[in-house]
Amino acid sequence: MIVVLTGGTGGAKFVQGLRQIVPPQQVAYIVNTGDDLRWWGLHVSPDVDSILYALAGRLSRERGWGVEADTFECLEIMRQLGQPSWFQLGDRDLATHLLRTQLLSEGSTLAKANADIARRFGIESQVLVMSNERVETRVQTPSAELSFQEYFVRERYAVEVRGVRFDGAEQAKPAPGVIESIMAAEKIILAPSNPVTSIGPILAVPGIRQALQQTPAAIAAISPIIGEAAVSGPAAALMKTQGWPVSIVGIAQAYRDFLDLLVCDIEDADRQHDVEQLGIAVSCTRTLMRSDADKQALARATLEATESAAVTAT
Ligand code: FO1
């Protein structure tokens, strides 16, 4: 079994490549729910939806989130009726949120609701949420504390960040199947997701980080940072708030207590030694994903590098 920890648009792109080269039954996904929000009375799980749509071949190529060829008629009417419209839910996307909200209102857990939706989309991989309990990423700025979507979408992450916290993490438990999949995995891959707000919430759920430290699986992470910048999104600014250097060394530091291998871009080959100093093997490849071929090549390179890391690790 391959287990993938993922969140955000970078993770979804990687998953689009992985699903082309590994049979779906051999992969389980542990997905961030710190970005979840209540919007127009609906429960929206953006990172889960990005993975569901990526695995169902429905992810919007243009946006990297939401549904391919979606329309926004409902959004337009809601705007006319005076509802907030900065978080854009498409008409096709709405079906997922309506179904999830209905399943939850009928007493389903978040894990069961999302697994049910995955099955109904014909997805054969296991899609696990990190926890059934509410863990909410909160972004502290000089003037206010924001939800992740207020920070990322409404403010377009153009505000100074003083800190990030995961509200509710202390009381949360790993969702059913999460620890078991980590302990039974042959390989574990941290997708090229934001280490603070996409992977961070998953690691903040008590028990998950410990399982990663104990599992016999080989664990690899793909850096979402190339050079001194994030491939996309606010990872650089958020890493600074954690005191991590904005480079592959910062990513290695973030995961050093459990990581075996860091997959970085060829542009960062000159920093390879700094990461190896931390006791983490390094594999350099092209990590920028523009085409489907790029996504598949990165997935293949990561699996091959993890294979050899597994050999040296045992
Ligand atoms: N990202 C945006 O930049 N603008 C949006 O209006 C927006 C809407 C949206 C709706 C559903 C969904 O699943 C994702 C959406 N995203 C949007 C992306 C989302 O904010 C990010 O993918 C993640 O939360 C980043 O980790």
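In case you missed it, the structure is sitting above this.
Attention now moves to the packing of helix 1 (residues 8-21) against helix 2 (residues 46-55). Two numbers describe how helix 1 lies on helix 2: the axes approach to 9 Å, and their chain directions differ by 25°. Considering their axes alone, helix 1 and helix 2 lie roughly parallel with respect to each other. Where helix 1 crosses over helix 2, the handedness of that crossing is right-handed. Between helix 1 and helix 2, the residues in contact are Gly8, Gly11, Ala12, Val15, Gln16 and Arg19 and Asp47, Ser50, Ile51, Ala54 and Leu55, respectively. Among the residues making up the contact of helix 1 with helix 2, the classes are represented as five nonpolar, four polar and two charged.

Close to the ligand lie 15 residues, the nearest being Asp35, Pro46, Asp47, Gln88 and Gln149. Glutamine 88 is positioned with one of its backbone polar atoms (N or O) 3.0 Å from an oxygen atom of the ligand. At 2.7 Å, a side-chain N or O of glutamine 149 approaches an oxygen atom of the ligand. With the chains in place, 91% of the 530 Å² that the ligand exposes on its own is no longer accessible. Those elements that place two or more of their residues in the shell around the ligand are helix 1, helix 2 and helix 6 (148-154). By residue class, the composition of the shell around the ligand is eight nonpolar, four polar and three charged.

Here strand 13 (residues 261-265) lies mainly inside the structure; five of its five residues are buried. One ladder, built from three bridges, connects strand 10 (residues 218-222) with strand 13; its direction is parallel. Looking across to strand 13, one finds that alanine 221 is bridged to leucine 262. Two strands pair when backbone bridges link them, and strand 13 and strand 14 (residues 281-285) are joined in this way by five bridges, in the parallel orientation. Note that in strand 14 the partner of leucine 262 across the bridge is valine 282.

Criteria and thresholds
Numbers given to residues run from 1 along each chain, matching the order in which its sequence is written. Local features are withheld for residues below a pLDDT of 70 in this predicted model, meaning they are given only at 70 or higher, and side-chain atom pairs are given and counted only at 80 or more; totals for whole chains, interfaces and linings count all residues. For side-chain calculations, the full set of non-hydrogen atoms in the structure is used, while hydrogens and water are omitted. With axes taken as lines fitted to C-alpha atoms, and helix axes fitted only over the stretch in contact, angles between N-to-C directions fall between 0 and 180 degrees. Under the scheme used here, helices are H or I runs from DSSP no shorter than 4 residues and strands are E runs no shorter than 2 residues, and both carry numbers assigned from the N terminus. An angle below 35 degrees is treated as roughly parallel, one above 145 as roughly antiparallel, one from 65 to 115 as roughly perpendicular, and anything else as oblique. A crossing counts as left-handed when the near helix is turned anticlockwise from the far one by less than a right angle, and as right-handed when that turn is clockwise. Contacts between residues were defined by any pair of non-hydrogen atoms, one from each residue, lying within 4.5 Å. When residues are sorted by character, Ala, Val, Leu, Ile, Met, Phe, Trp, Tyr, Cys and Pro go into the nonpolar class, Asp, Glu, Lys and Arg into the charged class, and all the rest, Gly among them, into the polar class. Nearness is judged by heavy atoms alone; a residue qualifies as near a molecule or strand once a single heavy atom is within 4 Å of it. Within 3.5 Å is the distance limit for a polar contact, defined as a pair of N or O atoms, with the added protein rule that one can donate a hydrogen and the other accept it, and that residues adjacent in sequence qualify only through two side-chain atoms. The protein chains shown are the only cover counted for residues, whose accessible areas, like all others here, come from Shrake-Rupley with a 1.4 Å probe. Partly exposed describes any residue whose relative accessible area lies between the buried limit of under 20% and the exposed limit of over 50%, with all areas from a 1.4 Å probe on protein chains only and scaled to the type maximum. What makes two strands pair is DSSP finding at least two bridges between them.

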